[in-house]
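# Observations on the model geometry
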Amino acid sequence: EERPDAKLAKHKLQEEEGSSMLAANKRSSKPTGSGTGKATKKAACPSMQGSKQAYSHWLMKSEPESRFEKGVDVKFGIEELKTQPNQTACWDGVRNYQARNFMRDMKVGQEAFFYHSNCKEPGIAGIIKIVKEAYPDHTQFDKKDPHYDSSSTKANPKWSMVDVQFVRMTKRFIPLSELKAHHQAHRASGGPLKDMTLFTRQRLSVQPLTDEEFEFVLSLEEKPS
């Protein structure tokens with residue numbers, strides 16, 4: 001599989017950068033803000049804003065198993081999120097421009113799947129919601145942090161993060177293998193997951209989901225594994 005972003009007071013992940021920046025994982029972090037509970041709201045279908053599609057659902061990858069970068073454990077699974085104050089954490093450590101831009105598009109109240117990545121069994125473990133929109137990622141300025149970026153300045157920060165809050169666990173863990181089987185079948189049938197970013201841009205740690213994709217994956221909770 002691939003890797004995501006990483007760390008803060010409780011690390012999240014780091015994502016493998018396609019260039020020479022930081023090839024690793026994306027996501028990991030602990031809370032700086034607080035939040036509220038998450039909801040299960042079904043937003044309207046993505047609309048078109050000019051040539052840009054507006055998404056209202058997301059998939060965010062984090063590593064649930066220990067992995068050390070520069071002496072820092074970037075482990076941050078959904079269980080770690082649940083232990084945070086208000087079950088809220090900042091999603092820092094993202095060092096891929098497209099993933100960063102997706103976070104900058106996120107709105108308070110939107111939901112995302114919490115995806116366990118770079119582990120024995122990758123897949124969707126739960127649902128989280130955005131409780132604070134994009135703001136500068138503090139780890140880019142911390143020389144001791146695995147995601148420090150000497151080219152970024154406080155006057156013109158390159159990297160952003162959002163705050164997320166735990167909503168609930170999925171009724172069952174939905175493994176990557178199951179999602180992949182549906183994706184392959186839908187490529188032939190024209191089903192909802194035919195163009196799912198999880199398979200077309202595998203290394204991206206923050207990914208958009210269409211409403212159709214989100215609802216289909218949600219429906220898998222009710223089906224036996």
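Refer to the structure presented above.
Now for a look at the structure at hand. The structure presented is a predicted model; accordingly, all values stated were derived computationally and were not measured.

Cut-offs used in this document
- Residues numbered from 1 in each chain as written.
- Predicted model: local features only at pLDDT ≥ 70, side-chain atom pairs only at ≥ 80, totals over all residues.
- Heavy atoms only, no water.
- Phe/Tyr/Trp six-rings, centres within 6.5 Å; stacked < 30°, edge-to-face > 60°.
- Helix = DSSP H or I, 4+ residues; strand = E, 2+ residues; numbered from the N terminus.
- Buried < 20%, exposed > 50% of the residue type's maximum accessible area, 1.4 Å probe, protein only.
- Lys NZ or Arg CZ within 6 Å of the ring centre and 35° of its normal.

Evaluation of the coordinates by the stated rule reveals 5 aromatic pairs. Pairing Trp91 with Phe114 gives two aromatic rings, centres 5.6 Å apart and planes at 75 degrees, and the pair type is edge-to-face. Highlighted residues: Trp91 in the loop between strand S8 (88–90) and helix H2 (97–105) and Phe114 in strand S9 (residues 111–116), separated in sequence by 23 residues. Judged by relative accessible area, Phe114 falls into the buried class, the value being 0%. A ring pair is formed by Phe113 and Phe214, whose centres lie 4.7 Å apart and whose planes are at 20 degrees; its orientation type is stacked. Pair noted here: Phe113 is in strand S9 and Phe214 is in helix H5 (residues 211–219), with a separation of 101 residues, a long-range link. By relative accessible area, which is 1% here, Phe214 ends up buried. Linked through ring pairs, Tyr55, Trp58 and Phe102 together constitute an aromatic cluster. Of note, Lys132 hangs over the ring of Tyr135, and the distance from its end group to the ring centre comes to 3.9 Å. The cationic tip of Lys154 hangs over the ring face of Phe141; the distance from NZ or CZ to the ring centre is 5.7 Å.

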